[in-house]
Amino acid sequence: MSLEQLYREVILDHYRNPRHSEPLNNADSRSEGVNPMCGDEVAVAIELNDDHITDVSVTGKGCSISQASGSMMAEAIVGLSKGEREELAEKFKGMLSSDVPLPDPPGSTLGDMESLAGVREYPVRIKCALLPWTTLAEATNGRH
Ligand code: ZN
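Residues numbered from 1 in each chain as written. Predicted model: local features only at pLDDT ≥ 70, side-chain atom pairs only at ≥ 80, totals over all residues. Heavy atoms only, no water.

A. How the structure looks around the coordination of the zinc ion. Those donors, Cys38 (SG), Asp40 (OD), Asp40 (OD), Cys63 (SG) and Cys128 (SG), are the protein atoms that reach the zinc ion, and they lie 2.1 to 2.8 Å from it. In primary sequence terms, the donor set of the zinc ion follows C-x1-D-x22-C-x64-C. Remark: Cys63 occurs in the loop between strand 3 (52–61) and helix 2 (64–77) and Asp40 occurs in strand 2 (residues 40–49); sequence separation between them is 23 residues. For the pair Asp40 and Cys63, a shared accessibility class is recorded, and that class is buried. (Donors = N, O, S within 2.8 Å, 3.2 Å for Na, K, Ca; no water. Helix = DSSP H or I, 4+ residues; strand = E, 2+ residues; numbered from the N terminus. Buried < 20%, exposed > 50% of the residue type's maximum accessible area, 1.4 Å probe, protein only.)

Okay, structure coming up:
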């Protein structure tokens, strides 16, 4: 199996079985984001302890890139502080910008999120991949 095929499998797995998609009843903050270019919708709800995320819910509808990215984000951010989340978001954005080389070896830093690296070849899809992250930033804005 090529790396490209492997990445595709990882994306489809998150798309079909999204992680942390159960609603949060006691969320401290919520936000909803849309990507009109593609019709993607993502809703993010978070529970915070100080500035650490203790639980998260990501739901939505749209293309496989946006929904899989939301699932991967949800899995990655539980337990992270604001600074750690910002660092992760920057790494992810860096991976999606075409002038930054892919991490070597693959999988070393971003886990499943690395499967979205191929999105850099499709600039209109980068907004899809980033939608959950911009929605998360809105949910946490002004909280800490
Ligand atoms: Zn999309």
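B. How the structure looks around the nonpolar core. One finds Phe92 and Trp133 to be the most contacted residues of the largest nonpolar core, which totals 35 residues. Elements that contribute at least two residues to this core include exactly helix 1 (3–16), strand 2, strand 3, helix 2, helix 3 (82–96) and helix 4 (123–140). Among the elements that make up this core, the one with the highest residue count is helix 4 (eight residues). Every residue in contact with Phe92, bar those within four places of it in the chain, is listed here: Ser69, Leu110, Met113, Leu116, Ala129, Leu130 and Trp133. (Core = buried A, V, L, I, M, F, W, Y, C linked by side-chain atoms within 4.5 Å. Contact = heavy atoms within 4.5 Å.)

C. Molecular detail of the packing of helix 2 against helix 4. Contact geometry of helix 2 with helix 4 gives a least axis separation of 8 Å together with a crossing angle of 40 degrees. Between helix 2 and helix 4, the angle falls in the class oblique. For the element pair helix 2 and helix 4, the recorded crossing hand is right-handed. Where helix 2 approaches helix 4, its residues Ile65, Ser66, Ser69, Gly70, Met73 and Ile77 are matched on the opposing element by Arg125, Cys128, Ala129, Pro132, Trp133 and Leu136. Residue composition of the contact of helix 2 with helix 4, grouped by class: eight nonpolar, three polar and one charged. (Axes fitted to C-alpha atoms, helices over the stretch in contact; angles between N-to-C directions. Parallel < 35°, antiparallel > 145°, perpendicular 65-115°, else oblique. Left-handed = near helix turned anticlockwise from the far one by under 90°. Nonpolar A, V, L, I, M, F, W, Y, C, P; charged D, E, K, R; others polar.)

D. A look at the packing of aromatic side chains. Taken as a whole, this structure holds one aromatic pair when the rule is applied. When the centroid spacing of 5.9 Å and the interplanar angle of 40 degrees are considered together, the rings of Phe92 and Trp133 count as tilted. Of this pair, Phe92 sits in helix 3 while Trp133 sits in helix 4, and the two are 41 residues apart along the sequence. By the burial criterion, Phe92 is buried, and Trp133 matches it. (Phe/Tyr/Trp six-rings, centres within 6.5 Å; stacked < 30°, edge-to-face > 60°.)

E. Examining a nonpolar patch on the surface more closely. Residues Met1, Leu3 and Leu6 make up a contiguous nonpolar surface patch of roughly 330 Å² in combined accessible area. Its location among the elements puts Leu6 in helix 1. Owing to a relative accessible area of 40%, Leu6 belongs among the partly exposed residues under this scheme. (Patch = residues over 30% accessible without salt bridge, like charges linked within 9 Å, V, L, I, M, F, W, Y side chains within 5 Å. Areas by Shrake-Rupley, 256 points an atom, 1.4 Å probe, with all protein chains shown as cover. Salt bridge = Lys/Arg side-chain N within 4 Å of Asp/Glu carboxyl O.)

F. Helix 2, seen in detail. Over its 14 residues, helix 2 extends 20 Å from the first C-alpha to the last, a length consistent with the 20 Å expected when each residue adds 1.5 Å. Taking burial as the measure, the 14 residues of helix 2 include eleven buried ones, the bulk of the element. For helix 2, the full list of buried residues reads Ile65, Ser66, Gln67, Ala68, Ser69, Gly70, Ser71, Met72, Met73, Ala74 and Ile77. Looking at the buried side of helix 2, the elements it contacts are helix 1, strand 2, strand 3, helix 3 and helix 4. Gly79 lies just past helix 2 and shows a positive phi near 95 degrees. (Expected span 1.5 Å × (residues − 1).)

G. Quick peek at the pattern of salt bridges. Here the structure, examined in full by the defined rule, presents five salt bridges. Where Arg19 meets Asp13, a salt bridge forms, and the shortest distance between an N and an O atom there is 2.8 Å. Note that Lys93 is salt-bridged to Glu90, the shortest N-O span being 3.6 Å. Here Lys93 and its partner Glu90 are both found in helix 3, three residues apart, which amounts to about one turn of the helix. Residue classification places Lys93 among the partly exposed residues on the basis of a relative accessible area of 38%.

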